[in-house]
Amino acid sequence: QVQLVESGGGLVQAGDSLRLSCAASGRTFSTYVMGWFRQAPGKEREFVAAISWSGGSTYYADSVKGRFTISRDNAKNTVYLQMNSLKPEDTAVYYCAAKSTYVDTILPVRYDYWGQGTQVTVSS
């Protein structure tokens, strides 16, 4: 069992940056693949980024590639999402999630644990 708590969301203008954090507690953090997802009103939850257990492998959705960076600090039991050059279409609730294997990382249903989400709003 692992508990996930996101933070760092807020209201920013287009072109600004934000860094989201997701703090984990419970079982050993380094045994989990971590992912970030987002969900805008009226839309399905969509994959944003994923990172392997050690952080050596990362994967991004095309829509955020080159603008967002996922990283993790296993000593702090925390995963981050650095978001640069934000656009209004990035507005959503952002969730972190955990799973044991580095397969099907883009599928929400493959993740075992979820945080409560943090709101990111980007104004034009």
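Residues numbered from 1 in each chain as written. Predicted model: local features only at pLDDT ≥ 70, side-chain atom pairs only at ≥ 80, totals over all residues. Heavy atoms only, no water.

Asker: Can you break down the nonpolar core residue by residue, with the values?
Answerer: For soluble globular proteins, the rule of thumb is that nonpolar side chains tend to be buried together. Counting 36 residues, the largest nonpolar core has Leu4, Met34, Trp36, Leu81, Met83 and Tyr94 as the members making the most contacts within it. Secondary structure elements with two or more residues in this core: strand S1 (2–7), strand S3 (18–26), strand S4 (33–39), strand S5 (46–51), strand S7 (68–73), strand S8 (78–83), strand S9 (92–99) and strand S11 (118–123). (Core = buried A, V, L, I, M, F, W, Y, C linked by side-chain atoms within 4.5 Å. Buried < 20%, exposed > 50% of the residue type's maximum accessible area, 1.4 Å probe, protein only. Helix = DSSP H or I, 4+ residues; strand = E, 2+ residues; numbered from the N terminus.)

Asker: Tell me about the pattern of salt bridges, and please be specific about residues and values.
Answerer: The final tally for this structure, using the stated rule, is five salt bridges. The residue Lys65 makes a salt bridge to Asp62 at a minimum N-O spacing of 3.1 Å. Under the relative-accessibility criterion, Lys65 is labelled partly exposed at 49%. Arg110 is paired through a salt bridge with Asp104; the nearest N and O atoms lie 3.3 Å apart. Overlapping salt bridges, with partners in common, bring together Arg38, Glu46, Arg67 and Asp90 in one network. (Salt bridge = Lys/Arg side-chain N within 4 Å of Asp/Glu carboxyl O.)

Asker: For a nonpolar patch on the surface, give the residues involved together with the corresponding values.
Answerer: Taken together, Tyr59, Ile106, Leu107 and Val109 make up a surface patch of nonpolar side chains, about 390 Å² in accessible area. In this fold, Ile106 is placed in the loop between S9 and strand S10 (113–114). In this structure Ile106 comes out as partly exposed when scored by relative accessible area, which is 42%. (Patch = residues over 30% accessible without salt bridge, like charges linked within 9 Å, V, L, I, M, F, W, Y side chains within 5 Å. Areas by Shrake-Rupley, 256 points an atom, 1.4 Å probe, with all protein chains shown as cover.)

Asker: If you had to explain the state of the cysteines to someone new, which residues and values would you point to?
Answerer: Scanning the model with the defined rule gives one disulfide in all. There is a disulfide in this structure between Cys22 and Cys96, and the S-S distance comes to 1.9 Å. Across the S-S bond linking Cys22 and Cys96, the dihedral sits near 50 degrees, which makes this disulfide right-handed. One end of the pair, Cys22, is in strand S3; the other, Cys96, is in strand S9, and 74 residues separate them in sequence. Cys96 matches Cys22 in its accessibility class, with the two residues each being buried. (Disulfide = S-S within 2.5 Å.)

Purely geometric numbers; function is a separate question.
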